[in-house]
Amino acid sequence: MTVWNRLEPLLGKVQKPARYIGCEDGAQTPEHRPEAAAWLLGYPDTYEIGLPNQGLQILREIINEHPLGVAERTYAPWTDLEELMRLEGVPLFSVDSHRAAADFDIMAFNLSAELTYTNLVNLIDLAGVPIRSVDREPGHLLIGVGGHCTYNPEPIADFVDFVVLGDGEEVVGEITEVVAAWRVAGKPDRLGVLRDLAGIAGVYVPSLYEAIYDADGRLVETVPLDSAAPPVVEKRTLPDLAEWPYPRQQLVPLTEVVHDRLNVEVFRGCTRGCRFCQAGMITRPVRERPADQVRTMVADGLRRTGYDEVALTSLSTADFSGIEQVVSETVNDPEFGGQVSVSLPSLRVDAFTVGIAGQIGKARRTGLTFAPEAGTWRMRQVINKLVREEDLYAAVRSAYSQGWRRMKLYFLTGLPTETDEDTLGIASLARNVVAIGREYHKSPSVTISVGGFVPKAFTPFQWFGQNTQEELRRKINLLRDELRRDHAVKLKWHDPRASAAEGIVSRGDRRLGAVIEDVWRHGGTFQEWTEKFDLQFWLDALERQGLTLEQYVYRHREEHEALPWDHISAGLHRDFLWMEWRDALNEVGLEDCRWTPCYDCGACTGYGVEHVVASAVPPAGGSQGTGQDLTVGGEVPVTLLATRPARSDAAVAAGASG
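Just so it is clear, the model here is predicted, and its values are computed rather than measured.

Turning our attention to the nonpolar core. The tendency in soluble globular proteins is for nonpolar side chains to be buried as a group. Formed by 137 residues in total, the largest nonpolar core has its most connected members in Trp39, Met107, Phe162, Ile175, Leu197, Phe461 and Trp538. Ranked by residues supplied to this core, first place goes to helix 6 (residues 171-184) with 7 residues. Leave out the neighbours within four places in its chain, and Phe162 touches Trp39, Ile106, Leu142, Ile143, Gly144, Val145, Ile175, Leu197, Val203, Tyr204, Val205 and Pro206.

Structure (structure tokens):
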């Protein structure tokens, strides 16, 4: 049943009503059928943030092509509309046909940030469904989640009926068939369909498991309560990305959204082995899309959408085999008059060449972002981001030589074994980049963005006790003082309080469900938004539940301690992760396993799949796996200004005025 007649009068009273009307190019309004399972796919943030999400767009098309499925979309209404919806009794709705959420069988969310968990609870409530799964009846929606955050699903275990682990392209079809059969049978009971879902590989049903704690409140284990629940739930992995060339009909929004451009995923997975990076660990192995398919998807997408910008997405796009050729053929495609610009959102500095810089800068030059992650070679060995200073300087020199003027450098602080020397090394790198820029331009600029490190599940750093917010703030102030007179370097940083809140839930157990509900009940939604975030919500909720920050955030875990995600498998052997943790403490780096012998992490051997790469040799440039000497990495191979460039303030001022 549509709620449009009740919703439309409210839209004139809220900001940005275009968020709620749908009607985008590429939108679908599928026919709901008695035999078809109806999905409401959601993103627990605003339309502007959620619409570009490629995962939801891919699954929407796949489900709508299934003979037993239909899918529509929903996003979190901003607080102004939510207030009116609750006042007028308007439930959560789809933006495609404005059907009430209750008309669907499944409401499933992509979770990519832990601080959206309170929005997840809010949307379940707005849909008219009891927020806790134990209180739901057969007629209520099934609540599902997927995405990177769900590799530790325990903090939200009380709120969801099922969790999808890994790639969703295949498993959504299997879930659709189970739920369609349940629907046709008249939804006789809820336990039956949950047991059937638990029988699908890659699907975790939290209510069929119990978390056991000892007398001191330490987690002992999480065990199945039902014979239908496997002791360990394995993730799903697509062996061949080429079989799934989606989305075919990318949505073109009517209003401004983030990343408003054509997006084409070129490969999935990463084997660089950065020890802080959860995405790189849980998406192994590497599976490249054939270059011909990428070019076809780009051309078809540009032709259909009218965009003049395409982003080639992955965890490290410059690693894609033949990247220069793909970029060149896209930029120079005569069909689009040479007006297409290419974005490589995730640039690896040791794989960025003059050729790539020249090609992506042909149509439009904005800023370039590189992520050295740490300020010294020692620190980058600890985190296994084996990017040498030479790599960074070569990359920025390539960019500056091709006309780029602005660079952004992203770093983490609060990493294991980090010293003040490592923190100040960030300033040194930035100054040297500016110095290289001045060889080509009068007024180059560098923006440093510093984020507080939050350890994640299924990484070698999962045992590390996070830095306190006071310590993170001290390090940021140290860096700020060091750069105070460097006017060509701009420093930005992530709020350490938000890092603390993220840390609460990133490695939390089931007891965090009560905390999340408490924060939500006290008004703590949109915690990803600076103007809405309030750490006090979380601190008060922890205290009311008898829990502490020290317990969940700052405490180092022990080697054999039970972890809340031990009954989940991302394919990685626990002893491999522990060995990597020990190597980190010993400052030992590990080369990219795509081009070196297997380290037996488990991601390939456990699932009988292998890396799928189009080229037998590494991409141009790069330190890892290319035979370069990794025993040294701190040299500065360029001629730089003597001492600190900031001392040439007059030159900076002259450049700025010129």
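Among the 5 residues in strand 13 (residues 309-313), 5 count as buried, and that is most of the element. Side-chain alternation along strand 13 places Glu309, Ala311 and Thr313 on one buried face and Val310 and Leu312 on a second face that is also buried. Strand direction decides the pairing type here: strand 10 (residues 262-265) and strand 13, joined by 4 bridges, are parallel. Paired with Val264 across the two strands is Leu312, which belongs to strand 13. Two strands pair when backbone bridges link them, and strand 13 and strand 14 (residues 341-343) are joined in this way by 3 bridges, in the parallel orientation. Paired with Ala311 across the two strands is Ser343, which belongs to strand 14. As a crossover connection, the stretch from strand 13 through helix 10 (residues 323-331) into strand 14 is right-handed.

Strand pairing in a sheet relies on backbone hydrogen bonds, with the paired strands running either antiparallel or parallel. Across the sheet, which stays open at both edges, the 3 strands sit in the order 10-13-14 with parallel pairing between neighbours. A single partner strand is all that each edge strand has here, and the edge strands are strand 10 and strand 14. Direction aside, the axes of adjacent strands within the sheet are offset by 25 degrees on average. Its contacts with the sheet place helix 9 (residues 291-305) against strand 10 and strand 13, and it is angled at close to 165 degrees to strand 10.

A complete count under the given rule lists 13 aromatic pairs for this structure. Ring geometry for Tyr47 against Tyr75: centres 5.2 Å apart, planes inclined by 85 degrees, an arrangement best described as edge-to-face. With Tyr47 in helix 2 (residues 47-50) and Tyr75 in strand 2 (residues 69-75), this pair connects stretches of sequence that are 28 residues apart. Across this residue pair, the class does not change: Tyr47 and Tyr75 are buried. Following the ring pairs from residue to residue traces out a cluster consisting of Phe453, Phe461, Phe464 and Trp581.

Moving on to the packing of helix 9 against helix 10. The geometry of helix 9 relative to helix 10 is characterised by a closest axis approach of 10 Å and an angle of 25 degrees between their N-to-C directions. Comparing the axis directions of helix 9 and helix 10 gives the class roughly parallel. Our pair here, helix 9 against helix 10, has a crossing hand that is right-handed. Along the contact surface, helix 9 presents Ala291, Val294, Arg295 and Val298, while helix 10 presents Gln325, Val326, Glu329 and Thr330. Considered class by class, the residues forming the contact of helix 9 with helix 10 number 4 nonpolar, 2 polar and 2 charged.

Attention now goes to the environment of Arg473. Take Arg473: it is sitting in helix 15 (residues 469-482). Judged by relative accessible area, Arg473 falls into the partly exposed class, the value being 33%. As a C-alpha pair, Arg473 and Asp350 span 123 residues in sequence and 30 Å in three-dimensional space. The contacts of Arg473, once residues within four sequence positions are left out, are Pro496 and Arg497.

Moving on: unusual backbone geometry. That bond from Tyr246 to Pro247 is cis: its omega, -5 degrees, falls within 30 degrees of zero. Its place among the elements puts Pro247 in the loop between strand 9 (233-234) and strand 10. Residue Pro285 is reached from Arg284 by a cis peptide bond, and omega for that bond is -5 degrees. By the secondary structure assignment, Pro285 is in the loop between helix 8 (278-282) and strand 12 (287-288). Despite not being glycine, Asn384 has its phi angle at roughly 60 degrees, a positive value. By secondary structure assignment, the location of Asn384 is in the loop between helix 12 (377-382) and helix 13 (389-401). The class for Asn384 is buried, based on a relative accessible area of 1%. Located in the positive-phi region is Asp600, a residue other than glycine, with phi close to 55 degrees. Note that Asp600 resides in the loop between helix 20 (574-585) and helix 21 (649-657).

This brings us to the environment of Met297. Tracing the sequence through the fold places Met297 in helix 9. Note: C-alpha distance between Met297 and Tyr246 (51 residues apart in sequence) is 8.6 Å. Leave out the neighbours within four places in its chain, and Met297 touches Pro245, Tyr246, Leu262, Val264 and Arg289.

Low-confidence regions, as indicated by low pLDDT, have predicted coordinates that should not be scrutinised in detail. This prediction gives the protein a mean pLDDT of 90; 92% of its residues lie at or above 70. Low pLDDT, under 50, characterises residues 621-628; the predicted model gives this stretch 24 contacts beyond four residues in sequence or across chains. Note that residues 636-658 has pLDDT below 50 and, in this model, 30 contacts with residues that lie over four places away or in other chains.

The sheet built from 4 strands is open, its strands ordered 15-16-17-18 with parallel pairing. Pairing within the sheet leaves two strands with one partner each, and these edge strands are strand 15 (368-373) and strand 18 (489-493). Taken over all neighbouring pairs, the strand axes of this sheet differ in orientation by 20 degrees on average, direction set aside.

As a further point, take the pattern of salt bridges. One pass over the structure, following the stated rule, counts 55 salt bridges. Linking Glu389 and Arg380 is a salt bridge whose minimum nitrogen-to-oxygen distance equals 2.8 Å. The pair formed by Glu389 and Arg380 is uniform in burial state, with each residue classed as buried. Within the structure, one salt-bridge network assembled from shared partners comprises Asp167, Glu169, Glu265, Arg268, Arg287 and Arg289.

A surface patch of like charges, here positive, comprises Arg406, Lys408, Lys490 and Lys492. Every element with two or more residues in the positive patch is listed here: strand 16 (406-413) and strand 18.

Attention shifts here to helix 7 (residues 190-198). Those residues of helix 7 that fall on the buried side of the exposure criterion are Arg190, Val193, Leu194, Leu197 and Ala198. Buried residues of helix 7, viewed axially, fall in a sector of 145 degrees; they line one side. Check the buried side of helix 7 and you find it contacts strand 4 (142-146), strand 5 (162-164), helix 6 and strand 6 (203-204).

To continue, consider the pairing of strand 17 (residues 445-452). Burial runs high along strand 17: 6 of the 8 residues are buried. In this sheet, strand 18 lies alongside strand 17 in parallel orientation, the contact comprising 5 bridges. When the sheet's bridge partners are listed, Thr447 is paired in strand 18 with Lys490.

The rules we used
Residues numbered from 1 in each chain as written. Predicted model: local features only at pLDDT ≥ 70, side-chain atom pairs only at ≥ 80, totals over all residues. Heavy atoms only, no water. Core = buried A, V, L, I, M, F, W, Y, C linked by side-chain atoms within 4.5 Å. Buried < 20%, exposed > 50% of the residue type's maximum accessible area, 1.4 Å probe, protein only. Helix = DSSP H or I, 4+ residues; strand = E, 2+ residues; numbered from the N terminus. Contact = heavy atoms within 4.5 Å. Pairing = 2+ DSSP bridges. Right-handed = clockwise from strand over helix to strand, strands pointing away. Axes fitted to C-alpha atoms, helices over the stretch in contact; angles between N-to-C directions. Phe/Tyr/Trp six-rings, centres within 6.5 Å; stacked < 30°, edge-to-face > 60°. Parallel < 35°, antiparallel > 145°, perpendicular 65-115°, else oblique. Left-handed = near helix turned anticlockwise from the far one by under 90°. Nonpolar A, V, L, I, M, F, W, Y, C, P; charged D, E, K, R; others polar. pLDDT = per-residue confidence, 0-100. Salt bridge = Lys/Arg side-chain N within 4 Å of Asp/Glu carboxyl O. Patch = residues over 30% accessible without salt bridge, like charges linked within 9 Å, V, L, I, M, F, W, Y side chains within 5 Å. Areas by Shrake-Rupley, 256 points an atom, 1.4 Å probe, with all protein chains shown as cover. Lys, Arg positive; Asp, Glu negative; His and termini not counted. Charge placed at Lys NZ, Arg CZ, Asp CG, Glu CD. Arc of directions from axis to C-beta.

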